[in-house]
Structure formats: C-alpha cells, structure tokens
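# Observations on the model geometry
Each chain is listed here by its residues.
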Amino acid sequence: MSYRIAICDDSAADRTYIQSLIRIWAKEQTIFIQTEEFPSAESFLFCYDSDKNWDILLLDIEMGNMDGVSLAKKLRQDNETLQIVFITGYSDYIAEGYEVAALHYLTKPLNKEKFFSVLIGAVEKRKKNGKILTFDLSGEMVRVPIWQIIYAEVQLNYVTIHTKEDIRIKMTLSSLQRELDDRFYRVGRSVIVNLTQVRRVTRSDIYLAGDIVLPLPRGAYEGLNRAIIQMG
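We now turn to the structure provided with this report.

This brings us to the sheet that holds strand β12 (residues 191-194). An order of β10-β9-β8-β12-β11 is seen for the 5 strands of this open sheet, with the pairing classed as antiparallel. Every interior strand has two partners, whereas the edge strands, β10 (166-170) and β11 (184-187), have only one. Sheet twist, expressed as the mean angle between neighbouring strand axes with direction ignored, is 20 degrees. One ladder, built from 5 bridges, connects strand β9 (residues 158-162) with β10; its direction is antiparallel.

What follows is the structure, given as structure tokens:
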C-alpha cells in the first residue's frame, strides 16, 4: 500500500530536511510513499480543493497569511481521516492541536527517532480509518467508513447503524461486531458503541457525540470504563 504525504512549511530548508527524513523512514519500513511540498497553507488548500486524496499532512504553524491551525480547522470541516502532524519551532499552540484532532505535535529541530515513531503511528491510524463496510440495500450499494459509525443497535432481525445518516439492514449485531475493530464495544445484548465517540459515562447512561444519550444496562458500567481506558 502506498501513502501520500504533504509537507506544508514556508521554510524551503525545513521542507527539504523533512523530505529527506521521510525517505529514510520509508526505506527502513519498506513503505512506498508519494510526497509533495507546499510553501504555504494557501497553496496546499488550492491543491486540496481538487484532490483530497492525502493520508498525512506534516504542517508548520507559523506561516504567511493563513497559519497552520487555521488550515487544519478548515480541513477538519469535511475530513476526519487525514492524519495531521504539527511541526513547528514554537510551543505555544499545543491546545490548538487538540482542537483539530492533530495526531501529534513535534517541535523543531526534529528528533529523528521521535519523528519516525509518529509516522508509524500515522500510518497505523490511517489503516484503521480507511476500513469501509459495504452493504447492499435493496439493490443499492452503500459504503460506510467505520470511523463514521457512532453506535449501532439491534431490534428484532434488523441492525440500525447510526452515522450522520442512519442505515437499517437485516443482519445480526454479532455479524456487524466481527467487522469492526477495537474502537467498538458491545454494551449488553443490543448496542455497540464507538468508544472514540463516548463523551461521558454514568451508572445509568452513555453520553455520545452529537448529544446522543443511551441507557447503560445494569452491570455494564465497569466493563465499559475498562474498555475506554484500555483503548487509551
């Protein structure tokens, strides 16, 4: 599998150095990569508007008219799978990195071993987010990236998969569970939740993103909390 990596930095010297490290890393990992350099946030955004097929964005923060945080916020409006790594000479923007779900925040000068570790993490997370489930609904093929699933519930012989749009399909909850990964946890007999979407857990309820509240079955509190902790 190949990966597309964008380097967005207004320093030509820094772009060249980052590019050289990526090539060393890719050779060590025997991973095929395609890289492209961008001297500004605006230049990347111009390219992105016509080609959104990027896996990793290595992004400087202090740049020209549009800074890296502003670019990341714009990208996150329609893309939650792009792995964003901030690389900057400043340490004042860590909070903003959390706001845009940045994978990591690295300061210049780069530590090669740390940078390589972050790249490995980005690839692994991209693999997870890239999995897509395919369903046949009355002769129409529907594709659902698993990261978009908030939760799923079963009623009689039908499972409803809740994303931005709900999908109801005839199958068992166990069959769906086998297609998912360790981000998903089965709560009792009738519900599977995406742990990354859990905002709060009480003894009686699960609070999910989007102001969704689900009843928590009796005895499920400890197991759910352990699953969240183990996911990290």
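With that out of the way, let us pick up the nonpolar core. Proteins that are soluble and globular tend to have nonpolar side chains buried together. Judged by nonpolar contacts, the single largest core of 23 residues is most densely connected at Phe44, Leu57, Leu59, Leu71 and Phe86. Going through the elements one at a time, β1 (2-8), α2 (41-50), β3 (56-59), α3 (68-75) and β4 (83-88) are the ones with two or more residues in this core. The dominant element in this core, judged by the number of residues it contributes, is α2, at 5 residues. Listed in part, the 21 residues of the second largest apolar core include Ala26, Leu58, Leu106 and Leu110.

This next bit is on the pattern of salt bridges. Across all of its chains, the model carries 8 salt bridges by this definition. In this structure, the salt-bridge partner of Lys108 is Asp14, at a minimum N-O distance of 2.8 Å. Of the two residues, Lys108 sits in the loop between β5 (104-107) and α5 (112-130) while Asp14 sits in helix α1 (residues 12-29), which places them 94 residues apart along the sequence. With a shortest N-O distance of 3.2 Å, Arg15 and Glu37 are connected by a salt bridge.

Before going further, it helps to examine the packing of α2 against α3. To characterise two packed helices, one gives the angle between the axes of the helices and the distance between these axes. Interaxial distance between α2 and α3 falls to 10 Å at its minimum, and their mutual angle equals 15 degrees. With respect to each other, α2 and α3 are oriented roughly parallel. The handedness of the crossing between α2 and α3 comes out as right-handed. In this structure, α2 uses Ala41, Phe44, Leu45 and Tyr48 to contact α3, whose residues at the interface are Leu71, Lys74 and Leu75.

On to α5, then. Over its 19 residues, α5 extends 27 Å from the first C-alpha to the last, a length consistent with the 27 Å expected when each residue adds 1.5 Å. On the buried face of α5, the contacting elements are β1, α1, β3, β4 and β5. Backbone nitrogen of Glu113 and a side-chain oxygen of the N-cap are separated by 3.2 Å at the start of α5; the cap is Asn111.

The next point concerns the side chain of Arg4. Positionally, Arg4 belongs in strand β1. Within the structure, Arg4 has its side chain in polar contact with the side chain of Asp51 (distance 2.8 Å). Contacts of Arg4, omitting those with residues within four sequence positions, involve Gln34, Glu36, Asp51, Asn53, Trp54, Asp55 and Ile56.

Turning next to unusual backbone geometry. Residue Pro109 is bonded to the preceding Lys108 through a cis peptide linkage, with omega at -5 degrees. When you line up the elements, Pro109 lands in the loop between β5 and α5. Positive phi is not limited to glycine here, since Thr30 has a value of about 50 degrees. Counting through the fold element by element, Thr30 comes out in the loop between α1 and β2 (32-38). Exposure remark for Thr30: the relative accessible area of 71% places this residue in the exposed category. With phi around 60 degrees, Asp211 is a residue other than glycine that occupies positive phi space. Its place among the elements puts Asp211 in the loop between β14 (205-208) and β15 (212-215).

Thresholds, definitions, all that
Residues numbered from 1 in each chain as written. Predicted model: local features only at pLDDT ≥ 70, side-chain atom pairs only at ≥ 80, totals over all residues. Heavy atoms only, no water. Pairing = 2+ DSSP bridges. Helix = DSSP H or I, 4+ residues; strand = E, 2+ residues; numbered from the N terminus. Axes fitted to C-alpha atoms, helices over the stretch in contact; angles between N-to-C directions. Core = buried A, V, L, I, M, F, W, Y, C linked by side-chain atoms within 4.5 Å. Buried < 20%, exposed > 50% of the residue type's maximum accessible area, 1.4 Å probe, protein only. Salt bridge = Lys/Arg side-chain N within 4 Å of Asp/Glu carboxyl O. Parallel < 35°, antiparallel > 145°, perpendicular 65-115°, else oblique. Left-handed = near helix turned anticlockwise from the far one by under 90°. Contact = heavy atoms within 4.5 Å. Expected span 1.5 Å × (residues − 1). Polar contact = N/O pair within 3.5 Å; in protein donor to acceptor, adjacent residues only side chain to side chain.

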